[in-house]
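The residues making up each chain are set out below.
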Amino acid sequence: MTILKILKYGDEKLRQKCKEVSKVSKKIKILAENMIDTMYANNGVGLAAPQVGENIRMFVIDVSAEDEPLNPIVFINPKIIKKSGAIKSNEGCLSFPKAYVDVRRYKNIMVKALDLKGRPFVLEAKDGELLAKAIQHEYDHLEGILFIDHSRNIFEAIEVLRQNNLPSIEQDKIIDEPELEEEILKQESESKE
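Residues numbered from 1 in each chain as written. Predicted model: local features only at pLDDT ≥ 70, side-chain atom pairs only at ≥ 80, totals over all residues. Heavy atoms only, no water.

K.L.:
What is the right way to read helix H4 (residues 178-192) from this model?
P.N.:
Each α-helix winds once per 3.6 residues, and so residues spaced three or four apart point in a common direction. Here H4 contains 15 residues, and its C-alpha end-to-end distance of 21 Å stays within 8% of the 21 Å for a straight helix at 1.5 Å per residue. Along H4, the residues that are buried comprise Leu180, Glu181 and Ile184. Burial along H4 is one-sided: seen end-on, the buried residues are contained in an arc of 95 degrees. Structural note: H4 exposes Glu182 and Lys186 on the side pointing more than 90 degrees away from its buried face. Taken together, the buried residues of H4 touch strand E4 (87-93) and strand E5 (96-105). (Helix = DSSP H or I, 4+ residues; strand = E, 2+ residues; numbered from the N terminus. Expected span 1.5 Å × (residues − 1). Buried < 20%, exposed > 50% of the residue type's maximum accessible area, 1.4 Å probe, protein only. Arc of directions from axis to C-beta. Contact = heavy atoms within 4.5 Å.)

K.L.:
Help me understand the pairing of strand E3 (residues 73-84), please; the structure alone is not making it clear to me.
P.N.:
Regular strands place side chains that alternate from one sheet face to the opposite one. In this sheet, E3 lies alongside strand E2 (residues 58-61) in antiparallel orientation, the contact comprising 4 bridges. Its bridge partner being in E3, methionine 58 is matched across the sheet by isoleucine 76. (Pairing = 2+ DSSP bridges.)

K.L.:
Explain the environment of leucine 116 here, please?
P.N.:
Relative to the helices and strands, leucine 116 is located in the loop between strand E6 (108-114) and strand E7 (120-125). The partly exposed category is assigned to leucine 116, whose relative accessible area is 23%. Sequence separation of leucine 116 and isoleucine 76 is 40 residues, and the distance between their C-alpha atoms is 7.6 Å.

K.L.:
Which parts of the structure should I look at to understand the sheet that holds E7?
P.N.:
Taken in spatial order, the 5 strands line up as E1-E2-E3-E6-E7 in an open sheet, and their pairing is antiparallel. The strands lining the two open edges of the sheet, one partner per strand, are strand E1 (46-48) and E7. Neighbour-to-neighbour, the strand axes of this sheet turn through a mean angle of 35 degrees, independent of strand direction. Of the strands in this sheet, E1, E2 and E3 are in contact with helix H1 (residues 26-41), which crosses E2 at around 40 degrees. Its contacts with the sheet put helix H2 (residues 130-142) on E1, E2, E3, E6 and E7, and the angle it makes with E2 is roughly 155 degrees. (Axes fitted to C-alpha atoms, helices over the stretch in contact; angles between N-to-C directions.)

K.L.:
What am I meant to see in the environment of asparagine 55 here?
P.N.:
Within the secondary structure, asparagine 55 sits in the loop between E1 and E2. Placed 35 residues apart in sequence, asparagine 55 and glutamate 20 show a C-alpha to C-alpha distance of 8.8 Å. Reaching out from asparagine 55, the side chain makes a polar contact with the backbone oxygen of lysine 17 at a distance of 3.4 Å. Among the polar contacts made by the side chain of asparagine 55, one reaches the main-chain amide nitrogen of lysine 19 at a distance of 3.3 Å. (Polar contact = N/O pair within 3.5 Å; in protein donor to acceptor, adjacent residues only side chain to side chain.)

Right under this line is the structure:
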């Protein structure tokens, strides 16, 4: 068991698009196991390879509750093949210690990937559950996208980063998501009625 060093926001490796895994080798399997151990050691729900300095398309997730057995899932070369709906999600990231902001996410997603044996699988996550949010969050890492790029309130995000002594938001990386924001605002106004 090896606990890996997690790169912090500001490291340029977090902004690089990752390369496909050509073969699920012993090295990849060991990296996945170390990533799972690192995720647990840091009380995380997910961890992507670029967060530990590896420029490959792989991430690990475990959304099991405290009273449930551990259930880590390894995603190699994942692709989000379906997405719908919209939700507000208050997210943090192991590369952003103690920083949490509201972001926009899809409510339902379907992902296909390879497991540690190199076998393909498809997983569906619905209704804005933690698994759906975690998959999108970790998948973004493989594209060089960070959760703060989806911030609903840029000024709030800037302040949260400042309070946690992290570099400021990169304005050119902010993702404009009017259709998601519109749906979230509609949900919020309906819940007030």
